[in-house]
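# Structure assessment
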Amino acid sequence: MLAKRIQPLAFQARRLYVELMFQVMGRALQAVSEVDSEVQGEAQALPKGFLFEMMVMPEGAKLIVEHIGNGRFHYHGGSAPRPADVSIKFKHIAHAFLVLSFQEKTAVAFANDRMLVDGDVSYAVRMTRILNRLESFILPKIIAKRAVKEYPENLHLPEKLISAAQIYLKVATHFVQTARA
């Protein structure tokens, strides 16, 4: 009887965690595009107005960012102004939880058929590189190495700390501004 009550609670906890992580990641993608020239370089290859979506199927949590030009992203939350150009879709909330709790790398989840990509695969790969760069900045190195395909060798502690502080400050500021609106 207790196990039946715990399962829905675990599902709810995962769902809430994934929703929160999408909010943090979306804001962090916007922030990292404002502070890191390498991310800006990757993003500049995307067309202006390019919409990227990451979501849980069928109608679960999602994050949407738009390339607004000059390698910069704008976070739209969970609602897109038009259909996304590229969408990475987790097939189940448990699959999203594995990736977003850094228990499984995105590349491994894709290889294990836990997610789908709709749209141009080369753009999806580019966005995955941007996400990996973001995670390398904002996560402790030991966790980031588990989360990303390849931890950047040229990312040294001073740059990591300064960039992480800038990103977290921008994320916190965006949360506060959103709460006031």
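Note that the structure is predicted; figures quoted are calculated from it, not measured. (Residues numbered from 1 in each chain as written. Predicted model: local features only at pLDDT ≥ 70, side-chain atom pairs only at ≥ 80, totals over all residues. Heavy atoms only, no water.)

A separate point is the pairing of strand E2 (residues 62-69). The element E2 is largely enclosed, with a buried count of six among its eight residues. Note: strand E1 (residues 51-56) against E2, five bridges, orientation antiparallel. Across the sheet, Phe 52 pairs through a bridge with Val 65, a residue of E2. Between E1 and E2, which follow one another and run antiparallel, lie five residues. Two strands pair when backbone bridges link them, and E2 and strand E3 (residues 72-77) are joined in this way by five bridges, in the antiparallel orientation. Within E3, the residue paired with Val 65 across the bridge is Tyr 75. In this structure, the hairpin formed by E2 and E3 is closed by a connection of two residues, where Asn 70 is found at a positive phi of approximately 55°. (Buried < 20%, exposed > 50% of the residue type's maximum accessible area, 1.4 Å probe, protein only. Helix = DSSP H or I, 4+ residues; strand = E, 2+ residues; numbered from the N terminus. Pairing = 2+ DSSP bridges.)

Below, the discussion takes up the pairing of E1. Taking burial as the measure, the six residues of E1 include six buried ones, the bulk of the element. Neither face of E1 is exposed, since Leu 51, Glu 53 and Met 55 on one face and Phe 52, Met 54 and Val 56 on the opposite face are all buried. One ladder, built from five bridges, connects E1 with strand E4 (residues 86-90); its direction is parallel. Paired with Met 54 across the two strands is Ile 88, which belongs to E4.

We now examine the pattern of salt bridges. Inspection of every chain in the model, using the stated rule, returns 12 salt bridges. Note that Asp 36 is salt-bridged to Arg 133, the shortest N-O span being 3.0 Å. With Asp 36 in the loop between helix H1 (2-35) and helix H2 (37-44) and Arg 133 in helix H5 (residues 121-138), the pair connects residues that are 97 residues apart, well separated along the chain. Arg 133 carries the same exposure label as Asp 36, and that label is buried. Taken together, the salt bridges that share partners define one network made up of Asp 36, Glu 38, Arg 133 and Glu 159. (Salt bridge = Lys/Arg side-chain N within 4 Å of Asp/Glu carboxyl O.)

Right, let's get into the sheet that holds E4. What the five strands build is an open sheet, ordered E3-E2-E1-E4-E5; its pairing is mixed. In this open sheet, the two edge strands, each paired with only one partner strand, are E3 and strand E5 (115-118). Each neighbouring strand pair of the sheet contributes to a mean axis angle of 15°, computed without reference to strand direction. (Axes fitted to C-alpha atoms, helices over the stretch in contact; angles between N-to-C directions.)

Turning to its location among the elements, Met 127 is positioned in helix H5. Distance in space between the C-alpha atoms of Met 127 and Val 39 is 9.5 Å, their sequence separation being 88 residues. With near-sequence residues (within four places) excluded, Met 127 lies in contact with Leu 46, Phe 50, Phe 52, Val 65 and Phe 73. (Contact = heavy atoms within 4.5 Å.)

Before going further, it helps to spend a moment on the packing of aromatic side chains. For any pair of aromatic rings, the description consists of the separation of the ring centres together with the inter-plane angle of the planes. Taken as a whole and judged by the stated rule, the model has two aromatic pairs. When the centroid spacing of 5.3 Å and the interplanar angle of 70° are considered together, the rings of Tyr 17 and Phe 97 count as edge-to-face. You can see Tyr 17 sitting in helix H1 and its partner Phe 97 sitting in helix H3 (residues 93-100), a full 80 residues away along the chain. On the basis of relative accessibility, which here comes to 21%, the residue Phe 97 falls in the partly exposed class. Both rings, one in Phe 50 and one in Tyr 123, keep their centres 5.3 Å apart while their planes meet at 70°; by these two values the pair is edge-to-face. Within this pair, whereas Phe 50 is found in the loop between H2 and E1, its partner Tyr 123 is found in helix H5, the two being separated by 73 residues in sequence. Note on Tyr 123: relative accessible area 24%, which makes it partly exposed. Taking the ring centre of Phe 97 as reference, the NZ or CZ of Arg 14 above it sits at 5.7 Å. For Arg 27, the ring lying beneath its charged end belongs to Phe 175, and the centroid distance is 4.0 Å. (Phe/Tyr/Trp six-rings, centres within 6.5 Å; stacked < 30°, edge-to-face > 60°. Lys NZ or Arg CZ within 6 Å of the ring centre and 35° of its normal.)

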